[in-house]
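Notes for the structure review
For reference, the chains in residue letters:
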Amino acid sequence: MFAVIKTGGKQYRVATDDVLTLEKLDGDAGEMVEFNEVLAVGDGDDVTIGSPRVDGAMVTAEVVTQGRGKKVIAFKKRRRQNSRRKRGHRQYLTTVRISEILTGGAKPSKKPAARKAAPAADAAPAKAEKAEKASPAKAPATDDTAAKATSDAPLFTAPESEKDKLTEIKGIGPVAERQLNEQGITTFAQIAALSADDIARIDEAMPFSAAQIEDWQAQARQMAG
């Protein structure tokens, strides 16, 4: 006997004892879940198609594990616009084992586990106070913390002179200009005077290649002069 169920916007053909992975469902391992959106039920050549659901049909399953899928990377880049975006996503998934396929309004032999009641609002302050007492005192800042704070500092010291409009350099857009300003680079003269070590530092810490920076230098020398 088999059934076609719908969950998480997808349809699955299932039979008793099948193990399948679905988009996240509520429930801990060992609990029972019910699927009421049964689109079709079949036993051999005898198949009942719902419109859209089969009346009185239900599929029950036991939660095996809760987990997450593999990370999917979405990367978008616009050529010659100095624009790139990288995002990762890991879908929450639930693995279940099909227990019963019920028809004609039959009741499942195992009922879903009762949900735990939410804690009363009055208990929240007491719980927070208890956690505060149990938490240890904050440790003093370590050398690693100080090093991290130092690494967040700008790469260069911005001059006191007025900022130049860096977008006049071909290849520097508004986003790149903002990123350069945040790192203390605000004038054509600074870009023109960058040393090989400075270019290496920018190449390592910012999304600009050494070739790009050298091209900007050639233009900045003309504008600064």
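Residues numbered from 1 in each chain as written. Predicted model: local features only at pLDDT ≥ 70, side-chain atom pairs only at ≥ 80, totals over all residues. Heavy atoms only, no water.

Side note on the sheet that holds strand E5 (residues 38–43)
Spatially, the four strands line up as an open sheet ordered E2-E1-E5-E6, and their pairing is antiparallel. Of all strands in the sheet, those with a lone pairing partner are strand E2 (10–15) and strand E6 (46–49), marking the two edges. Neighbour-to-neighbour, the strand axes of this sheet turn through a mean angle of 15°, independent of strand direction. (Pairing = 2+ DSSP bridges. Helix = DSSP H or I, 4+ residues; strand = E, 2+ residues; numbered from the N terminus. Axes fitted to C-alpha atoms, helices over the stretch in contact; angles between N-to-C directions.)

Some points on the pattern of salt bridges
Following the criterion strictly, the structure yields four salt bridges and no others. The shortest N-O distance in the salt bridge between Lys10 and Glu23 comes to 2.5 Å. Of this pair, Lys10 sits in strand E2 while Glu23 sits in strand E3 (residues 19–23), placing them 13 residues apart in sequence. For Asp198, the salt bridge goes to Arg201, with nearest N and O atoms at 3.6 Å. Of this pair, Asp198 and Arg201 both sit in helix H5 (residues 196–205), separated by three residues, roughly a single helical turn. Judged by its relative accessible area of 18%, Asp198 is buried. Given the relative accessible area of 36%, Arg201 is considered partly exposed. (Salt bridge = Lys/Arg side-chain N within 4 Å of Asp/Glu carboxyl O. Buried < 20%, exposed > 50% of the residue type's maximum accessible area, 1.4 Å probe, protein only.)

Points about the environment of Lys86
In this structure, Lys86 sits in strand E9 (residues 83–89). Note: C-alpha distance between Lys86 and Phe75 (eleven residues apart in sequence) is 4.5 Å. Here Lys86 is in contact with Ile73, Ala74 and Phe75, once residues within four sequence places are set aside. (Contact = heavy atoms within 4.5 Å.)

Remarks on empty space enclosed by the protein
The tally for this structure, following the rule as stated, stands at one cavity of 30 Å³ or more. Forming the walls of the largest cavity are Leu180, Ile185, Ile191, Leu194, Ile202, Phe208, Ile213 and Trp216. (1 Å grid on protein atoms, 1.4 Å probe; cavity = no way out; pocket = protein on both sides within 12 Å on 5 of 7 lines; lining within 4 Å. Points joined across faces, edges and corners; volume = space filled by probe spheres on them.)

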